[in-house]
Amino acid sequence: MPEPGAPPEITLVANDIRAEGGMERQLTVLVGGLLDAGHKVTVIAWTCELPPHPNLRRLRVPGPSRPYALGYPLFLLLASALVTLRGRGEVHSTGAIVLNRTAVCTVHFCHHAPGASAVPRASRPTAAHRANAWVVRRLNLLAERWCYRPGRATRLVGVSGGIARELGEHFPRMRERIAVIPNGVDTAHFSPAPRPAPEPGEALRVLFVGGDWERKGLPILIAALAACPGAELDVVGAGDVEGHRRLARRHGVEARVHFRGTAADTAPAYRAADVFALPTAYESFSLVTYEAAASGLPLLATRVNGIEDLLRDGVNGWFVERSATDVAARLRTLRADPARRREMGAAARRDSLGFSWRRVVEAYRALYTEIEEERWTTRA
């Protein structure tokens, strides 16, 4: 063990560490922050796109990542072996992906939660893809039962208050060992654009960002558009464009729904919008909602994990039901009242500042120190 006060060495286990994706981005920022603070970090992963650093050691887990029904158990076994043979210091895993005892296990998604069943896991609607998703879900449930218990994890960290509640409900023996460290948002990159006063009759630009369009409520937004003349919808992300274009045609709003495709940088899309809408069925954190808030947009979203930690009803947006009628009513209010739009957007921006990446790194460093101090006390 290092001397008290020295930055603890960390072995971080993750599937992938890269700039794209909410969990992957969080890991990229966390490792970078730990290295900047003087920690030595060993990364065990399939892929790691971090730049070289004198305090960074990268250990690649061999084997395929797809199909995940094969890749997941192989990763579980091989990563566990690497932790045993070459891991150093405190072990920090991202979910139930190693069999070893961990100091910290960050949970981005609780597979035991009832709402998790609303998340489509099959990437395509074929029998083979559905079978793969069925096997992966059963493996995830088994792995969570093994990993999320006192004999395996010193702390579980939920990335939102909702995930922490789900963990406490389904793993009651860990309730006293659960912490909440929300993901962060880059409030410098995602920032408001100067907004001139709207012209009379100007369209209200509504923004939707994400995949899994059915779960996240894109059909609801398209239907809501039919009850909100003067609103236009920009869709950023990958999905069934033709199917949703047909749906827009049936509602008579095809000309007002714009499919923008995926974007490496979504900041320009937020800056061009007037309001962000996400009537989703289930989330674990919803990074896009935080990016929208940092960009100064009023929020229309369902009361789900992560979003409920940010959205203040009637202040920086509104909680909405998964109902086209409810969403349309809020859109009409915002279109008719530009001043309220600006007030809500400014409040959203202010509230997003409490979720900086710097705070994420500091929170994990404090947790590592707390765990090490507990061990020193026990040894003494």
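Structural notes, computed from the coordinates. Computed from a predicted model, the values in this text were never measured in an experiment.

1. Side note on the nonpolar core
Alright, step 1. Core analysis: the largest hydrophobic core is formed by 89 residues, its most contacted members being Val-13, Tyr-148, Leu-233, Val-257, Tyr-270 and Phe-276.
Alright, step 2. Examining the composition of this core, we find that seven residues originate from one element, helix H2 (residues 68-86), more than from any other.
Alright, step 3. Here Val-13 is in contact with Ile-44, Phe-75, Ala-79, Val-83, Val-91, His-92, Ser-93, Thr-94, Ile-97 and Val-98, once residues within four sequence places are set aside.
Alright, step 4. In terms of nonpolar packing, the next biggest core, distinct from the first, is built from 25 residues, Leu-35, Val-104, Ile-181 and Tyr-364 among them.

2. What to know about the pattern of salt bridges
Alright, step 1. Under the criterion given, the structure shown has 16 salt bridges.
Alright, step 2. Between Arg-205 and Asp-234 there is a salt bridge, and its shortest N-O distance comes to 3.1 Å. One end of the pair, Arg-205, is in strand E10 (residues 204-209); the other, Asp-234, is in strand E11 (residues 231-236), and 29 residues separate them in sequence.
Alright, step 3. Owing to a relative accessible area of 23%, Arg-205 belongs among the partly exposed residues under this scheme.
Alright, step 4. The residue Arg-358 makes a salt bridge to Glu-362 at a minimum N-O spacing of 3.1 Å.

3. Remarks on the packing of helix H10 (residues 324-336) against helix H11 (residues 338-352)
Alright, step 1. Put simply, H10 and H11 touch, their axes get as near as 5 Å, and they point 105° apart. Classed by the angle they form, the pair H10 and H11 counts as roughly perpendicular. Side by side, H10 and H11 meet where Thr-333, Leu-334, Arg-335 and Ala-336 of the first sit next to Pro-338, Arg-340, Arg-341 and Met-344 of the second.
Alright, step 2. Its residues assigned to classes, the contact of H10 with H11 shows four nonpolar, one polar and three charged.

4. Notes on the sheet that holds E10
Alright, step 1. Overall, parallel pairing links the six strands, which are arranged E12-E11-E10-E13-E14-E15 in an open sheet. With one partner strand each, in any of the chains shown, strand E12 (257-261) and strand E15 (317-319) form the two edges of the open sheet. On average, each strand axis in the sheet is inclined to that of its neighbour by 20°, with strand direction left out of account.
Alright, step 2. Pairing of strand E13 (residues 275-278) with strand E14 (residues 299-301), which is carried by three bridges, proceeds in the parallel orientation. Residue pairing for E14: Ala-277 is matched across the bridge by Leu-300.
Alright, step 3. This element, helix H6 (residues 218-226), spans E10, E11, E12 and E13 of the sheet and lies at about 160° to E11.
Alright, step 4. Contacts from H10 reach E10, E13, E14 and E15, with the element oriented near 165° to E15.

5. Re the layout of surface pockets
Alright, step 1. Looking at the second largest pocket, its volume works out to about 490 Å³.
Alright, step 2. Considering the residues around the second largest pocket, the lining is formed by 26 residues, among which Arg-195, Pro-196, Pro-198, Asp-274 and Arg-341 are closest to the centre.
Alright, step 3. For the lining of the second largest pocket, the element with the most residues is H11, which contributes five residues.
Alright, step 4. Split into classes, the residues belonging to the lining of the second largest pocket amount to 14 nonpolar, three polar and nine charged.

6. Digging into the packing of H6 against H10
Alright, step 1. Packing of H6 against H10 leaves a shortest axis separation of 8 Å and a crossing angle of 55°. In terms of their interaxial angle, H6 and H10 are classed as oblique. In this structure, the crossing between H6 and H10 has a hand that is right-handed. The residues of H10 that touch H6, namely those facing Ile-220, Leu-221, Ala-223 and Ala-224, are Ala-324, Val-327 and Ala-328.

7. Topic: the environment of Val-107
Alright, step 1. One can find Val-107 in strand E7 (residues 102-107).
Alright, step 2. Counting along the chain gives 192 residues from Val-107 to Leu-299, while the straight-line C-alpha distance between them is 25 Å.
Alright, step 3. Residue contacts for Val-107: discarding those within four places in its chain leaves Tyr-148, Val-157, Gly-158, Val-159, Ile-163 and Leu-167.

8. With respect to the sheet that holds strand E1 (residues 10-13)
Alright, step 1. Taken in spatial order, the seven strands make up an open sheet running E5-E3-E1-E6-E7-E8-E9, and their pairing is parallel. Two strands in the sheet have a free side with no partner beyond their single neighbour: strand E5 (56-60) and strand E9 (178-180). Direction aside, neighbouring strands of the sheet carry axes that sit 20° apart on average.
Alright, step 2. Bridging between strand E8 (residues 153-158) and E9 involves three bridges; their strand directions are parallel. Each residue of the ladder has a partner; that of Val-157, found in E9, is Ala-179.

Reading guide: rules and limits
- Residues numbered from 1 in each chain as written.
- Predicted model: local features only at pLDDT ≥ 70, side-chain atom pairs only at ≥ 80, totals over all residues.
- Heavy atoms only, no water.
- Core = buried A, V, L, I, M, F, W, Y, C linked by side-chain atoms within 4.5 Å.
- Buried < 20%, exposed > 50% of the residue type's maximum accessible area, 1.4 Å probe, protein only.
- Helix = DSSP H or I, 4+ residues; strand = E, 2+ residues; numbered from the N terminus.
- Contact = heavy atoms within 4.5 Å.
- Salt bridge = Lys/Arg side-chain N within 4 Å of Asp/Glu carboxyl O.
- Axes fitted to C-alpha atoms, helices over the stretch in contact; angles between N-to-C directions.
- Parallel < 35°, antiparallel > 145°, perpendicular 65-115°, else oblique.
- Nonpolar A, V, L, I, M, F, W, Y, C, P; charged D, E, K, R; others polar.
- Pairing = 2+ DSSP bridges.
- 1 Å grid on protein atoms, 1.4 Å probe; cavity = no way out; pocket = protein on both sides within 12 Å on 5 of 7 lines; lining within 4 Å.
- Points joined across faces, edges and corners; volume = space filled by probe spheres on them.
- Left-handed = near helix turned anticlockwise from the far one by under 90°.

Remember, this is a structural readout, not a statement about activity or role.
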